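The residues making up each chain are set out below.
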Amino acid sequence: MALSQFKVLTFDVVGTLIDFERGMLDYLRAAVPEAAVTDDDFLAAYRRSRGSPEVIAYPDDLVRVWHQIAPQLGLPDTEALAQGLRDSVPRWPAFADAPEALQRLRKHFKLVTMTNAQRWALEHFDATLGHPFDLLLSCYDALCEKPDPRYFAYARGRYEGAWGYTQPQNLHVAQSQYHDIGIARRLGLATCWIERRAGQKGFGGTIAVEEITRPDYHYRTLAELADAVEAGL
């Protein structure tokens, strides 16, 4: 399939465009500089907590996450530190390639977010990325979170209503196999996996899957996708 056949790119944001792992780890090291916990152990504890049934809307859920994992990791368990993790969200960085790549891609496609983050967080992420999107969709708009199939149906209705494009003209771009690539493939969407953790062990802060779903397109960075588009691939 030529990338030129697509008209709309829908994007996961946290983990694909915004480096939430680096944002959380930067907060940890600044807030608790004496912490002995390793990056991998912190992310693994975070991943387990985010997979628990007690989750609430993200990233407000980070307050609960801190309280749950701090005792496990030997970290101070205070309300100020827990709230601080949540409040660090506006400072989370974009992946280095993402802002420029999005500007390159918007010359060829309509760009739409599909994030499980709340609207307040999405607005910060949009600003960090340079406001590249044509349509901002959050979990509050969809009234559900990925991997719920209803989110994908909602997004389809929004971009079809806005521009008349149909599902075969949509490429879903994401890092998470659990939240995005697996379910999107099962729903018949074309998918592009941005494997941000290529060359690293494990799943980091992203919920793990037992089997990797093979996407239609597979790149390590968003810049590689933009390169492929500009090369006419």
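Everything numeric in this text was worked out from a predicted model, so none of it was measured.

(A) Region of the structure containing the overall build of the protein. Helix and strand counts for the protein come out as ten helices and five strands. Relative to its length of 233 residues, the protein is compact, with a C-alpha radius of gyration of 18 Å against a globular reference of 17 Å. By principal-axis analysis of the C-alpha atoms, the protein measures approximately 50 × 35 × 35 Å. Here the analysis covers contacts within the protein between residues at least 6 apart in sequence; of these, 66% occur between residues at least 24 apart.

(B) Quick look at the packing of aromatic side chains. What the rule picks out here adds up to six aromatic pairs. Look at Phe-20 and Tyr-46: their rings are 5.9 Å apart centre to centre, the planes differ by 45°, and that puts the pair in the tilted class. With Phe-20 in helix 1 (residues 20-31) and Tyr-46 in helix 2 (residues 39-50), this pair connects stretches of sequence that are 26 residues apart. Grouping residues by exposure puts Phe-20 and Tyr-46 together as buried.

(C) A look at the side chain of Ser-49. Secondary-structure assignment places Ser-49 in helix 2. Beyond its immediate sequence surroundings of up to four residues, Ser-49 is in contact with Val-55, Arg-64, Val-65, Gln-68 and Ile-69.

(D) Expanded view of the pattern of salt bridges. In the structure shown here, the tally under the stated rule is 17 salt bridges. Notably, a salt bridge pairs Asp-26 with Arg-22, separated by 3.2 Å at the nearest N-O pair. Here Asp-26 pairs with Arg-22, and both are found in helix 1, just four residues apart, close to one helical turn. On the basis of relative accessibility, which here comes to 35%, the residue Arg-22 falls in the partly exposed class. A salt bridge links Arg-64 to Asp-61; the nearest nitrogen and oxygen atoms lie 2.6 Å apart. Taken together, the positions of Arg-64 and Asp-61, both in helix 3 (residues 61-73) and three residues apart, correspond to about one turn of that helix.

So, how was this worked out
- Residues numbered from 1 in each chain as written.
- Predicted model: local features only at pLDDT ≥ 70, side-chain atom pairs only at ≥ 80, totals over all residues.
- Heavy atoms only, no water.
- Helix = DSSP H or I, 4+ residues; strand = E, 2+ residues; numbered from the N terminus.
- Rg over C-alpha atoms; globule rule 2.2 N^0.38 Å.
- Contact = heavy atoms within 4.5 Å.
- Phe/Tyr/Trp six-rings, centres within 6.5 Å; stacked < 30°, edge-to-face > 60°.
- Buried < 20%, exposed > 50% of the residue type's maximum accessible area, 1.4 Å probe, protein only.
- Salt bridge = Lys/Arg side-chain N within 4 Å of Asp/Glu carboxyl O.

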